[in-house]
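Results of the structural survey
As a plain string of letters, each chain reads:
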Amino acid sequence: MKKERILVTGGTGYIGSHTVVELQEAGYSVVIIDNLSNSNADVIDGIERITGVRPDFVEGDCTDIAVLSKLFTDYPDIKGIINFAASKAVGESMHKPILYYRNNLNTLLNLLDLMGPNGVKGIVFSSSCTVYGEPDENPVTEAAPIKKATSPYGNTKQISEEIITDVINAGAPFKSVILRYFNPVGAHPSAEIGELPNGVPQNLIPYLTQTAIGIRKELSVFGDDYNTPDGSCIRDYINVVDLAKAHVIAVERMLTDKTEDKIEIFNLGTGNGVSVLELIHTFEEATGVKVPHKIVGRRAGDIEKVWADPAYANEVLGWKATSSLADTMRSAWAWQQKLRERGIM
Ligand code: UD1
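Residues numbered from 1 in each chain as written. Predicted model: local features only at pLDDT ≥ 70, side-chain atom pairs only at ≥ 80, totals over all residues. Heavy atoms only, no water.

Remarks on the state of the cysteines
All told, the structure shown has zero disulfides when counted by the stated rule. Free of any disulfide, Cys233 has its nearest cysteine sulfur in Cys129, 12 Å distant. (Disulfide = S-S within 2.5 Å.)

Concerning empty space enclosed by the protein
The tally for this structure, following the rule as stated, stands at two cavities of 30 Å³ or more. Within the residue set of the lining of the largest cavity, elements represented by two or more residues are α7 (204-212) and α11 (325-341). Among the residues making up the lining of the largest cavity, the classes are represented as 10 nonpolar, four polar and one charged. Taken together, Asn83, Phe84, Ala85, Ala86, Asn104, Phe125, Ser126, Thr156, Lys157 and Ser160 make up the lining of the second largest cavity. Within the residue set of the lining of the second largest cavity, elements represented by two or more residues are β5 (122-128) and α6 (152-169). (1 Å grid on protein atoms, 1.4 Å probe; cavity = no way out; pocket = protein on both sides within 12 Å on 5 of 7 lines; lining within 4 Å. Points joined across faces, edges and corners; volume = space filled by probe spheres on them. Helix = DSSP H or I, 4+ residues; strand = E, 2+ residues; numbered from the N terminus. Nonpolar A, V, L, I, M, F, W, Y, C, P; charged D, E, K, R; others polar.)

Section: the packing of aromatic side chains
Given two aromatic rings, their pairing is described by the distance between the two centres and the angle made by the two planes. The tally for this structure, following the rule as stated, stands at three aromatic pairs. Ring geometry for Phe266 versus Tyr312: centroids 4.9 Å apart, planes at 25°, classification stacked. With Phe266 in strand β11 (residues 263-268) and Tyr312 in helix α10 (residues 311-317), this residue pair connects regions lying 46 residues apart in the sequence. Exposure remark for Tyr312: the relative accessible area of 30% places this residue in the partly exposed category. Aromatic pair Phe283 and Trp333: ring centres 5.8 Å apart, planes at 85°, arrangement edge-to-face. Highlighted residues: Phe283 in helix α9 (residues 276-287) and Trp333 in helix α11, separated in sequence by 50 residues. With relative accessibility at 0%, the residue Phe283 sits in the buried group. (Phe/Tyr/Trp six-rings, centres within 6.5 Å; stacked < 30°, edge-to-face > 60°. Buried < 20%, exposed > 50% of the residue type's maximum accessible area, 1.4 Å probe, protein only.)

What about the side chain of Asn239?
Mapped onto the secondary structure, Asn239 falls in strand β10 (residues 237-239). A residue is classified by how much of its surface remains accessible, and Asn239, at 7% relative accessible area, is buried. Within the structure, the side chain of Asn239 is placed 3.0 Å from the side chain of Thr328, a separation counted as a polar contact. In this structure, Asn239 is in contact with Val185, Ser323 and Thr328, ignoring residues within four places of it in sequence. (Polar contact = N/O pair within 3.5 Å; in protein donor to acceptor, adjacent residues only side chain to side chain. Contact = heavy atoms within 4.5 Å.)

With respect to the pattern of salt bridges
The final tally for this structure, using the stated rule, is 22 salt bridges. Here Arg49 ties to Glu192 by a salt bridge, and the two come within 2.8 Å at their closest N and O atoms. Here Glu192 lies in the loop between β7 (183-185) and α7 and Arg49 lies in helix α2 (residues 43-51), a separation of 143 residues in the sequence. Note on Glu192: relative accessible area 18%, which makes it buried. For Glu218, the salt bridge is made with Lys294, and the minimal N-O distance between the two is 3.1 Å. Taken together, the positions of Glu218 in the loop between α7 and β8 (219-222) and Lys294 in strand β13 (residues 293-296) put the pair 76 residues apart, joining distant regions of the chain. When its relative accessible area of 23% is taken as the criterion, Glu218 is described as partly exposed. (Salt bridge = Lys/Arg side-chain N within 4 Å of Asp/Glu carboxyl O.)

A few points about the pairing of strand β4 (residues 78-83)
Counting buried positions along β4 gives five out of six residues, so the element sits mostly inside the fold. Sheet topology places strand β1 (residues 5-9) next to β4; five bridges connect them, and they run parallel. Note that in β4 the partner of Arg5 across the bridge is Ile78. As paired elements, β4 and β5 share four bridges and run parallel to each other. Bridge pairing in β5 places Ile82 opposite Val124. (Pairing = 2+ DSSP bridges.)

Concerning the site of the ligand
With respect to spatial proximity, 20 residues lie near the ligand, and among them Ser128, Leu204, Ser220, Arg235 and Asp302 are the closest. Asp302 is positioned such that a nitrogen or oxygen atom in its side chain is 2.5 Å from an oxygen atom of the ligand. For the shell around the ligand, the element with the most residues is β8, which contributes four residues. By residue class, the composition of the shell around the ligand is 10 nonpolar, six polar and four charged. (Near = heavy atom within 4 Å.)

Structure, rendered in structure tokens:
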């Protein structure tokens, strides 16, 4: 039996596309809205090749409330929303703060405004471990203090969490599950969808795979003088398919009234801290491909070490990251090779 319809904003993007696949595999109907500002409509073909189902797609901008209103008129059966539509480059946000505040906050406000009148029962919001800043202790639980954001991007995540809380506490007729992602990496095992950054990648894995395939000369490791065992920064790298599956569980909880509170917040990570140098080593071991790299100075704004305590998500959602880092690295490499095969990169 077909399940409810879910609106996935930003559904042609990296995490969005993997989540659409998992939603469809679980039987949900999906409509995607995306302005294609950082993605490509071909992603829909990839989703269809994996699942055998073509999700409905509306090209449009969620900051335009008229566009969203029309979407809710055209799809009166939308019962849940997963909001991925946001700008996400930390560095760019330092130079273009208005763009970040406008895109990320107006999109959220428009969605929250339209949910009640359109009978939508819940919204899953993509937040980030960036809200914890440099944590006092690792692993980080959901109870860790929120630190002052160091970028407009990070600030939009904090403000968004506050907006959702205020709106729901004011009596809005819907629920929210806020998911704080650690570092999503890898690609679908089919290599039909994956991460496709515009221009020179800012994040570690796309830069690493582009270096491995020869597009970039060498990977710069930003600092080896941190207070960590090998001196490089530590993160919690979470497989994007594992991450996507948590969204399906979150949607199910909201639509079947299993949520314990009107707002629930979960860390989504593996619980393992991995250094940049360890990650490079794991990639090389897993794929047999060398990654030329050199140590350079620290990158401004980087956190020294942060990894998740995912116990709350493990217990309450019954969700656990199960992919090994080696398999995740192989999936990222298979995707990079697929891009080469297709002549994209
Ligand atoms: C950042 C944001 C996070 C956001 C994510 C995706 C913060 C604290 N974190 O994560 O909220 O969701 O980007 O946009 O704002 N590195 C290198 N060489 C490179 C690239 C990265 O050594 O060429 C290192 C970095 O120093 C870092 C690690 O790799 O230690 C991961 O970096 P990156 O992939 O950019 O993600 P974060 O900065 O952790």
